[in-house]
Every structure is written in C-alpha cells, then in structure tokens.
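Structural characterization, general
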Amino acid sequence: DGGITQSPKYLFRKEGQNVTLSCEQNLNHDAMYWYRQDPGQGLRLIYYSQIVNDFQKGDIAEGYSVSREKKESFPLTVTSAQKNPTAFYLCASHGLTRNEQFFGPGTRLTVL
Amino acid sequence: AQSVTQLDSQVPVFEEAPVELRCNYSSSVSVYLFWYVQYPNQGLQLLLKYLSGSTLVKGINGFEAEFNKSQTSFHLRKPSVHISDTAEYFCAVSDLVKDNQGGKLIFGQGTELSVKP
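Since the structure is predicted, the reported quantities are computational estimates derived from the model, not experimental observations.

The rules behind the values
Residues numbered from 1 in each chain as written. Chains lettered and ligands numbered in written order. Predicted model: local features only at pLDDT ≥ 70, side-chain atom pairs only at ≥ 80, totals over all residues. Heavy atoms only, no water. Phe/Tyr/Trp six-rings, centres within 6.5 Å; stacked < 30°, edge-to-face > 60°. Helix = DSSP H or I, 4+ residues; strand = E, 2+ residues; numbered from the N terminus. Buried < 20%, exposed > 50% of the residue type's maximum accessible area, 1.4 Å probe, protein only. Contact = heavy atoms within 4.5 Å. Buried area = accessible area lost by both parts, 1.4 Å probe. Salt bridge = Lys/Arg side-chain N within 4 Å of Asp/Glu carboxyl O. Polar contact = N/O pair within 3.5 Å; in protein donor to acceptor, adjacent residues only side chain to side chain. Nonpolar A, V, L, I, M, F, W, Y, C, P; charged D, E, K, R; others polar. Pairing = 2+ DSSP bridges. Axes fitted to C-alpha atoms, helices over the stretch in contact; angles between N-to-C directions. pLDDT = per-residue confidence, 0-100.

1. A word on the packing of aromatic side chains
For the coordinates displayed, the defined rule picks out 14 aromatic pairs over all chains. On the numbers, 6.1 Å between centres and 15 degrees between planes, the contact of Tyr-33 of chain A with Tyr-48 of chain A is stacked. Placement of Tyr-33 of chain A in strand β4 (residues 31–37) and of Tyr-48 of chain A in strand β5 (residues 43–51) is noted, with a sequence separation of 15 residues between them. Judged by relative accessible area, Tyr-48 of chain A falls into the buried class, the value being 11%. Through a chain of ring-to-ring contacts, three or more aromatic side chains come together here, namely Tyr-33, Tyr-35, Tyr-48 and Phe-103 of chain A together with Phe-34, Tyr-36, Phe-90 and Phe-107 of chain B.

Here it is as structure tokens:
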C-alpha cells in the first residue's frame, strides 16, 4: 500500500540534543511538508520542499533544519536552538496532479 | 495573507443529533478548501474538499460542507453523529496555483467534536 511513514512514533530526548525525525513516502509525490502541532494552535508549517534538493522555510523554521536528497525522503532535524521542541510533528506530501495533502501518522517528541 | 478561523474550539453533542462545525476564511485570491479529521495520536485524514463547481461537497463518513463565497465560509455538517465521530476537525485553505500544483495549507485552530451517548 502506498503511504507516508514516520518513525519513531514516540521520541524522548534530553534538552540540548539534536534529534532527527524520519519521513518516507512511496506515493511518488514531489512536494513534502513538515508541520508542528500544539494543543489549541492547529498545525503550523515548519519547512516544505517541492522538488529534490530544494526546500523553503515555513512560518516557524527557527531551530529546525531539513534535507531533501531523495524524492521519497524528507527528514527533519530538531536542533538545540529550538526553544520549545516538545510537540507532535506531522509530515505530509502532495502530488502535482492532486489537490490535497496526505499525512503521515506523526511523531510525538518529548524533550526532558 | 490567508487565514482560517474555526469559530468553536469544542462542540459537545449527543449521539444521533445533527452537528455543524463552522469555518470562515479570508483570502484575496481564489482558494481550495478542505476539512480534515484527526483521531487521537494519529495523522490527519481528508474528509472532503472544495475545488470548484457545486458549492455543496459530500465527503466520507456522511459529512458534507457548503462553500459560501459571499460569506467566505465552509461549514461542515452531519445530520446524525455517532460516538465514533469523536475527533478533532481541521478546516484548511490553500491558494489556487497554476498547473494544478496546489499550494501550502493554512489551517484553522481545530474543533474538538465530542459525541456523548
């Protein structure tokens, strides 16, 4: 079955450590997105990529970094510069001929 | 700039009652409109979308929404809810972009629907 996978589902890290969240899709979609979800705030866009080797900052990119070396993969690194990293992170993808984004199951990051 | 406002953060309703979740948007250009549902600790699932054409859009699980351009609204409705409809619902908007590429999604803050027996 085609879809988006995110791993791990739950992630715990100590404050000051960088951590990388995985996002893989086998939908052959060109565009991929990372969102952060906090209670009562909806989803906010962190980074997005519309083509391999290119990506743009979203609304809350500070303290995060991404890469897009392969079409199917769009990992997100939460750096120690992110002041409040504990949140639920959602990855999504979007094909050029479709109008909606497809979402992965999410990763809940807790920084202790 | 685009924005989306979901007018109710929480909507409690009894099973088999009708429900309406309200969504208003602002945009200076034509848009696509979406409703997504999120069950606890899961990703988002598309319920329905408005791209063009008929202003009444039918989606999965018996939900429907009506696009009202003059009121810039896209309210979600279901005539009779089930316990299993308990979830968070998000309204979202994106620009119409050339060549059907779609665009970035702007989300509302979400509405928690709680269906009670």
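Moving on from the coordinates now.
2. Some points on the interface of chain A and chain B
On the side of chain B, 23 residues touch chain A, which itself brings 24 residues to the contact. Broken down residue by residue, the surface that chain A buries against chain B is led by Leu-43, Asn-99 and Phe-103 of chain A, which jointly contribute 28%. Taken together, the connections running from chain A to chain B amount to 1 salt bridge. With a shortest N-O distance of 2.6 Å, Lys-49 of chain B and Glu-100 of chain A are connected by a salt bridge. The tally of links from chain A across to chain B stands at 6 residue pairs in polar contact (both at pLDDT 80 or more). Looking at the side of chain A that touches chain B, its residues break down into 11 nonpolar, 9 polar and 4 charged.

3. Notes on the sheet that holds strand β3 (residues 19–25) of chain A
Residue and element names in this part refer to chain A. Taken together, 4 strands build an open sheet; the order of strands is β1-β3-β8-β7 and the sheet is antiparallel. Edge positions in the open sheet fall to β1 (4–7) and β7 (64–66), since each of these has one partner strand only. Shown here is a sheet whose adjacent strand axes are inclined to one another by a mean of 20 degrees, direction ignored. As paired elements, β3 and strand β8 (residues 76–78) share 3 bridges and run antiparallel to each other. Bridge pairing in β8 links Val-19 to Val-78.

4. Here's the deal with the pairing of strand β11 (residues 107–111) of chain A
Residues and elements named next belong to chain A. Relative to β11, strand β2 (residues 10–13) runs parallel, the two sharing 4 bridges. Within β11, the position partnered with Phe-12 by the bridge is Thr-110. Pairing between strand β9 (residues 87–94) and β11: 3 bridges, direction antiparallel. Following the sheet pairing, Phe-88 is matched in β11 by Arg-108.

5. Brief notes about the side chain of Gln-101 of chain A
Residue and element names in this part refer to chain A. Among the structural elements, Gln-101 can be located in the loop between β9 and β10 (102–103). Judged by its relative accessible area of 2%, Gln-101 is buried. A distance of 2.8 Å separates polar atoms of two side chains, one belonging to Gln-101 and the other to Tyr-35.

6. Some points on the environment of Leu-76 of chain B
All names here are of chain B. With respect to the helices, strands and loops of the structure, Leu-76 is situated in strand β9 (residues 73–78). In the structure, Leu-76 is positioned 17 residues away from Gly-59 in sequence and 9.8 Å away in space, judged by C-alpha atoms. Beyond its immediate chain neighbours, meaning those up to four positions away, Leu-76 contacts Val-19, Glu-20, Leu-21, Trp-35, Leu-47, Leu-48, Phe-63, Glu-64, Ala-65 and Tyr-89.

7. Brief notes about the environment of Thr-77 of chain A
All names here are of chain A. Mapping Thr-77 onto the fold places it in strand β8. Considered as a pair, Thr-77 and Val-66 are 11 residues apart in the sequence and their alpha carbons are 6.1 Å apart. Among all residues touching Thr-77, those that are not within four sequence positions of it are Asn-18, Val-19, Thr-20, Gly-63, Tyr-64 and Ser-65. At 2.9 Å, the side chain of Thr-77 and the side chain of Thr-20 are in polar contact.

8. Some points on the confidence of the model for chain B
Of the residues in chain B, 93% have a pLDDT of 70 or more, and the chain-wide mean is 90. Averaged pLDDT values for the elements of chain B fall to 90 in strand β11 (residues 106–107) of chain B and rise to 98 in strand β3 (residues 19–21) of chain B.

9. Here's the deal with the pattern of salt bridges
Scanning the model with the defined rule gives 9 salt bridges over all chains in all. Its salt-bridge partner being Glu-66 of chain B, residue Arg-77 of chain B comes within 3.6 Å of it at the nearest N-O pair. A residue pair is termed long-range when its members are at least 10 positions apart, and Arg-77 of chain B in strand β9 and Glu-66 of chain B in strand β8 (residues 64–68) qualify at 11 residues. Overall, the relative accessible area of 35% leaves Glu-66 of chain B in the partly exposed class. Via salt bridges that share partners, Arg-36, Asp-38 and Arg-44 of chain A belong to a single interconnected network.

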